Amino acid sequence: MRVWAVANQKGGVGKTTTTVALGGLLAAAGARTLLVDMDPHASLTSYFGFDAEALPGGVYDLFRAGAADAPPPAERILPTRFERLAVLPATPAMATLDRQLGARAGMGLALAEALATLADDYDRVLVDCPPMLGVLMVNALAACERLVIPTQTEFLALNGLERMLRSLAMIERARGMRLPRLIVPTLYDGRTHASAASLRALRERHADELAQSVIPVDTQIREASLAGVPAGAWPAARRGAQAYRGLLDELLAQEAPLALEAAS
Ligand SMILES: Nc1ncnc2c1ncn2[C@@H]1O[C@H](COP(=O)(O)OP(=O)(O)O)[C@@H](O)[C@H]1O
Ligand SMILES: [Mg+2]
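All of the points below concern the structure found in this document. (Residues numbered from 1 in each chain as written. Chains lettered and ligands numbered in written order. Predicted model: local features only at pLDDT ≥ 70, side-chain atom pairs only at ≥ 80, totals over all residues. Heavy atoms only, no water.)

A few words on the site of ligand 1. In the region of ligand 1, 15 residues are neighbours, and G12, T16, T17, P216 and D218 sit closest. At 2.9 Å, a side-chain N or O of K15 approaches an oxygen atom of ligand 1. In the environment of ligand 1, a nitrogen atom lies 2.8 Å from a nitrogen or oxygen atom belonging to the backbone of P216. For ligand 1, the accessible surface in isolation is 560 Å², of which the surrounding protein chains cover 81%. Residue composition of the shell around ligand 1, by class: 6 nonpolar, 6 polar and 3 charged. (Near = heavy atom within 4 Å. Polar contact = N/O pair within 3.5 Å; in protein donor to acceptor, adjacent residues only side chain to side chain. Areas by Shrake-Rupley, 256 points an atom, 1.4 Å probe, with all protein chains shown as cover. Nonpolar A, V, L, I, M, F, W, Y, C, P; charged D, E, K, R; others polar.)

Working definition: the strands of a sheet are paired by backbone hydrogen bonds and lie parallel or antiparallel to each other. The mixed open sheet is built from 7 strands, whose spatial order is β3-β4-β2-β5-β1-β6-β7. Where the open sheet ends on each side, the last strands, each with one partner, are β3 (78-79) and β7 (181-186). Pairing of strand β1 (residues 2-6) with strand β5 (residues 124-128), which is carried by 5 bridges, proceeds in the parallel orientation. By the bridge assignment, R2 is partnered in β5 with R124. Of the strands in this sheet, β1, β5, β6 (146-152) and β7 are in contact with helix α10 (residues 239-254), which crosses β7 at around 170 degrees. (Pairing = 2+ DSSP bridges. Helix = DSSP H or I, 4+ residues; strand = E, 2+ residues; numbered from the N terminus. Contact = heavy atoms within 4.5 Å. Axes fitted to C-alpha atoms, helices over the stretch in contact; angles between N-to-C directions.)

Turning next to the pattern of salt bridges. Applying the stated rule across the entire model yields 13 salt bridges. Among the salt bridges present, the one from R64 reaches D61, with a minimum N-O distance of 2.8 Å. Residues D69 and R64 are paired through a salt bridge, measuring 2.7 Å at the closest nitrogen-oxygen approach. Through salt bridges with shared partners, a single network forms among R2, R124, E145 and E255. (Salt bridge = Lys/Arg side-chain N within 4 Å of Asp/Glu carboxyl O.)

Okay, a nonpolar patch on the surface next. Nonpolar side chains collect at one region of the surface, where L133, V138 and M170 lie side by side and expose about 230 Å² of accessible area between them. You can call L133 partly exposed: its relative accessible area is 35%. (Patch = residues over 30% accessible without salt bridge, like charges linked within 9 Å, V, L, I, M, F, W, Y side chains within 5 Å. Buried < 20%, exposed > 50% of the residue type's maximum accessible area, 1.4 Å probe, protein only.)

Right, let's get into unusual backbone geometry. Only a minority of non-glycine residues have a phi that is not negative, and only a minority of peptide bonds are not trans. With a phi close to 60 degrees, A42 is a non-glycine residue in the positive phi region. By the secondary structure assignment, A42 is in the loop between β2 (33-37) and α2 (43-47). Residue classification places A42 among the buried positions, given a relative accessible area of 2%. Although it is not a glycine, R84 adopts a positive phi angle of roughly 65 degrees. Relative to the elements of secondary structure, R84 occurs in the loop between β3 and β4 (85-88). R84 sits in the partly exposed class, given a relative accessible area of 33%.

The terminal C-alpha atoms of helix α8 (residues 193-205) lie 18 Å apart, and with 13 residues this matches the ideal 18 Å at 1.5 Å per residue to within 8%. Those residues of α8 that fall on the buried side of the exposure criterion are S195, A197, S198, L199, A201 and L202. Elements in contact with the buried residues of α8: β6, α7 (155-175) and β7. (Expected span 1.5 Å × (residues − 1).)

Inspection of the secondary structure assignment puts A65 in the loop between α3 (59-62) and β3. With relative accessibility at 60%, the residue A65 sits in the exposed group. Residues A65 and A114, 49 residues apart in the sequence, show an inter-C-alpha distance of 8.6 Å.

Once that is clear, we can look at the nonpolar core. The biggest cluster of nonpolar side chains holds 49 residues, and the ones touching the most others in it are L34, V36, V59, F63, L115, V127 and L147. Leave out the neighbours within four places in its chain, and V59 touches V36, D37, M38, L88, P89, M94 and L136. One finds V20, L126, L182 and I221 within the second-largest nonpolar core, a separate group that totals 36 residues. (Core = buried A, V, L, I, M, F, W, Y, C linked by side-chain atoms within 4.5 Å.)

Let us look at helix α6 (residues 135-143). The element α6 is largely enclosed, with a buried count of 7 among its 9 residues. Residues V135, L136, M137, N139, A140, L141 and A143 constitute the buried set of α6.

Geometric descriptors of this kind do not, in isolation, establish any biological role.
The structure is reproduced here in structure tokens:
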């Protein structure tokens, strides 16, 4: 099982869209794929037509793993109408986790431990993060082997990226390890000065961590999100779908082989 997290402390930069797009492509390519919605706003969960308010639970239950009535993680996973694509949903109760748990020891590994119980069931896990640093994001970072950081090509979003990278550096110092990451320019509109200039700035400042693929503004992506259709089911000719395909190829090419694959 391989786990990637999609994170940025700024909202509206394309995290959920990127999670759904990469997940849809992986599932369409044959990988058993689980999407984990770590955002209490539950946009990924609603993307697939689930009503977060009406669900019995989801990610929230991972944080009550010790409780007698806590279900095993697999019981909270919902199949989607797309083959090989499943969702571990968010519910509004997750918004209270930071206050409830505070700095309680051990709570940073709840997601990693839950995913370990699912290792035989899924080939790929994508974790969609909330736009704030807290117990949910810390769990996502602890559970993943690689980080995808969508960054809107717009100036305020560049400041958001620097904030995200600083938080990440802090967490990495605490963990004593560095997480491979790929910064992905999103919502790119070459006709606007802001998009072109901020893409140039990204290339100057972050050349070695920046994806070659640039995700364009594509109104069809917005329409697909309204219809709850992941990228694997988008017509391949669409600009957005092509860009996400390129991004997935880049991510896969950078991936170190799994120990098992390497041995065979
Ligand atoms: N490449 C794109 N082209 C057009 N609209 C997009 C694109 N990427 C994201 N969007 C839209 O922008 C909004 C924010 O995207 P979202 O993925 O929810 O961001 P985040 O998860 O970072 O808050 C959504 O309405 C989404 O449909
Ligand atoms: Mg989101």
